[in-house]
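Structure assessment
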Amino acid sequence: MDTQSYLPVQPGVGMQENFLSLDDILLSHERLPIRTECAFPRLGYLEKATDAQDIPQGLYERKRRVLSVELPKVYREGWRTVFNADPNVVDLHKMGPYYYGLGSQMLHFDSPENPEIAQTLLQTFIGRFRRNMDSSQNAYNEDTSALVERLDCLEKFLFTSGQSGLNGFQSWEKGRASQLTASSLVLNYRKRKMADVPP
Amino acid sequence: MDPSEVEFLAEKETVKIIPNFSLDKIYLIGGDLGPFNPGLPVDVPVWLALNLKQRQKCRIVPPAWMDVEKLEEMRELERKENAFTPAPSPYYMELTKLLLNYASDNIPKADEIRTLVKDLWDTRIAKLRLSADKFISQLEAHAKLDNLTLMEINTIRAFLLDSLNCMYKLRSNLLPGSSKGQFTDY
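Our subject in this report is the structure included herewith. The structure displayed is predicted, hence computed values, not measured ones.

Examining the overall build of chain B
Secondary structure assignment for chain B yields 6 helices and 5 strands. Starting at the N terminus and walking to the C terminus, you meet the elements of chain B as α-β-β-β-β-α-β-α-α-α-α. Taken over C-alpha atoms, the radius of gyration comes to 22 Å for chain B, far larger than the 16 Å a tight globule of 186 residues would show. Expressed as lengths along the three principal axes of its C-alpha atoms, the size of chain B is roughly 75 × 45 × 20 Å. For chain B, the residues scored as buried account for 43% of the 186 residues in total. Sequence-distant contacts in chain B: of pairs separated by 6 or more residues, those separated by 24 or more amount to 69%. Between the averaged position of the 24 positive side-chain charges in chain B and that of its 27 negative side-chain charges there is a distance of 1 Å.

Digging into the packing of aromatic side chains
The description of an aromatic ring pair uses the distance of the two centres, along with the angle that the planes make with each other. Inspection of the entire model under this criterion finds 5 aromatic pairs over all chains. Judged by centre distance (5.8 Å) and plane angle (40°), the rings of F169(A) and W172(A) are tilted. Within this pair, F169(A) and its partner W172(A) are both found in helix 7 (residues 153-173), separated by 3 residues, close to a single helical turn. Given the relative accessible area of 4%, F169(A) is considered buried. Plain terms: the ring middles of F169(A) and W121(B) are 4.6 Å apart, the flat faces sit at 10° to each other, and that makes the pair stacked. With F169(A) in helix 7 and W121(B) in helix 5 (residues 110-137), the pair connects residues from two separate chains. For the pair F169(A) and W121(B), a shared accessibility class is recorded, and that class is buried. The side chain of K57(B) reaches across the aromatic face of F21(B), ending 6.0 Å from its centre.

Considering helix 2 (residues 46-54) of chain B
Residue and element names in this part refer to chain B. Where helix 2 is concerned, the buried positions are V46, L48, A49, L50, L52 and K53. Looking at the buried positions of helix 2, the neighbouring elements they touch are helix 1 (3-10), strand 1 (14-19), strand 3 (31-33), strand 4 (42-45), strand 5 (58-61) and helix 4 (92-102). Looking one or two residues past helix 2, Q56 carries a phi angle of roughly 60°, positive in sign.

Considerations on a nonpolar patch on the surface
Residue and element names in this part refer to chain A. A cluster of nonpolar side chains, contributed by L185, V186 and Y189, occupies part of the molecular surface with about 340 Å² of accessible area. Locating L185 in the fold gives a position in helix 8 (residues 184-189). For L185, a relative accessible area of 58% gives the class exposed.

Quick look at the pairing of strand 1 of chain B
Residue and element names in this part refer to chain B. Of the pairings in the sheet, the one linking strand 1 to strand 4 comprises 4 bridges and is antiparallel in character. Paired with I17 across the bridge in strand 4 is V42. Pairing geometry for strand 1 and strand 5, over 4 bridges, is antiparallel. Across the sheet, the residue bridging to P19 is C58, located in strand 5.

Topic: the sheet that holds strand 1 of chain B
Residues and elements named next belong to chain B. If you walk across this open sheet you meet the 3 strands as 4-1-5, and the pairing is antiparallel. Either end of the sheet is taken by a strand with one partner, and the two such strands are strand 4 and strand 5. Put simply, the sheet's adjacent strands are angled 45° from each other on average, direction ignored. Docked against the sheet, helix 2 engages strand 1, strand 4 and strand 5, running at close to 100° with respect to strand 4.

As for the nonpolar core
All names here are of chain B. By size, the foremost hydrophobic cluster in this structure holds 73 residues, and its most contacted members are I17 and I60. When residues of this core are assigned to their parent elements, the largest contribution, 11 residues, is made by helix 5. Apart from residues no more than four positions distant in its own chain, I17 is found in contact with F36, L40, P41, V42, V44, A49, L52, C58, R59, I60 and V61.

Points about a negative patch on the surface
All names here are of chain B. A contiguous patch of negative charge on the surface is contributed by E69, E72, E73, D111 and E112. When residues of the negative patch are traced back to their parent elements, those giving at least two are helix 3 (68-80) and helix 5. Ranked by residues supplied to the negative patch, first place goes to helix 3 with 3 residues. Assignment of secondary structure puts E112 in helix 5.

Conventions we followed
Sequence order as written defines residue numbering, which begins from 1 separately in each chain. Chains carry letters from A onward and ligands carry numbers from 1 onward, assigned in written order. Local features in this predicted model are restricted to residues of pLDDT 70 or higher, and side-chain atom pairs are both shown and tallied only at a pLDDT of 80 or more, whereas totals for entire chains, interfaces and linings draw on every residue. As a rule here, side-chain values cover all heavy atoms of the structure and leave hydrogens and water aside. Only DSSP runs of H or I reaching four residues or more are called helices, and only runs of E reaching two or more are called strands; each is numbered from the N terminus. Here the globule rule is a power law, 2.2 Å times the number of residues to the power 0.38, and the radius of gyration is based on C-alpha atoms. When accessible area is computed with a 1.4 Å probe and restricted to protein chains, residues below 20% of their type maximum are described as buried, those above 50% as exposed, and intermediate ones as partly exposed. We call two residues contacting when some pair of their heavy atoms lies within 4.5 Å. Asp and Glu are treated as the negative residues and Lys and Arg as the positive ones, with His and the ends of the chain left uncounted. Working definition for charges: the position is that of NZ of Lys, CZ of Arg, CG of Asp or CD of Glu. Between 30 and 60 degrees the pair is tilted, below 30 it is stacked and above 60 it is edge-to-face, where a pair is any two Phe, Tyr or Trp rings, Trp via its six-membered ring, whose centres lie within 6.5 Å. Remark: a charge is flagged as sitting over a ring if the NZ atom of Lys or the CZ atom of Arg is within 6 Å of the ring centre and within 35 degrees of the ring normal. Only residues whose relative accessible area exceeds 30% and that form no salt bridge enter a patch; like-charged residues are grouped when within 9 Å of one another, and nonpolar side chains (Val, Leu, Ile, Met, Phe, Trp, Tyr) when within 5 Å. Under the convention used here, a 1.4 Å probe and the Shrake-Rupley method define accessible areas, while residue burial counts only the protein chains that appear. Within this document, salt bridges are pairs made up of a side-chain nitrogen of Lys or Arg and a carboxyl oxygen of Asp or Glu, the two lying within 4 Å of each other. Pairing between two strands requires that DSSP report at least two bridges joining them. Helix axes are fitted to C-alpha atoms over the stretch in contact, other axes to C-alpha atoms as well, and angles between N-to-C directions run from 0 to 180 degrees. We define a nonpolar core as any set of buried Ala, Val, Leu, Ile, Met, Phe, Trp, Tyr and Cys residues linked to one another through side-chain atoms lying within 4.5 Å.

Written as structure tokens, this is what we have:
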């Protein structure tokens, strides 16, 4: 009854990313500070050793052995303790809208802190789960922008699926499920209505 | 699954009616529907009962559980227990909505019944959320919940499955042997 004609490609599982997934493409454009380990002759932009340059993370993938990357500060020790203390107060959208996705991709880069990063990602998700569930399942017919603005993209996706369950149930209970309503696509065409046509 | 589909499944439940017409036994694919005699109660599926009621050919008898005292007891029991108590009927929400919309003149104290059923629903949904939260926060792999009705499962299904998917992705990060990232072929 509710099939879509367009099925978006889901982001990849864990450390993999799906090449065609829009979410993964966007997150791989987050910039990372790096350090080059050796000289690149004739490449004007990148110079040896101590320069910290930003390049998009997707580009980095292929140059693994010549560069070393520094973790963005959100995944470092300081922020990790904040997340472990109380994940609910953090504005994850400001910390990079793809906190979870980018965090999973960072695990490619063989940093000694990898297990802690992975653990922090998981614990943050679990800590925020309760708040996200309650807000998505209880906010009916109100302006949810205040609730949604502090959520990461993954959590926004969960929020919309919770809202769709809630809206479906509420519209059924009001009896709107058995009434014919014009589709929102058709309303956007702004065609003339029968009532407006002069007889 | 749509709530309308759950309602469709609920309409298969039987309810007692008192017809005001007479008809011999009818043989349908789903089963036989007994002879109809005016004034004598007969069990029919809800879809037929609503249809006859709309054509003013019968009077619907509320089911045994649709009674103010019984529902109040169930509500108190539900509030006390931590686990789910057996629901009044596996389709109590749908039957309440349908019967109270179309046959409220045959059901005494319809408004109170509506409020009581809504309270019962709210308590059960709150318990469901609590147990989902516990399930996720303790990273359990397996959970069993008894006495849930299809409508309750339906409202939480999309959200819970999506969050479990996300959790699976994050948990696979912790596995030491996870692959270093290959581009899958499409």
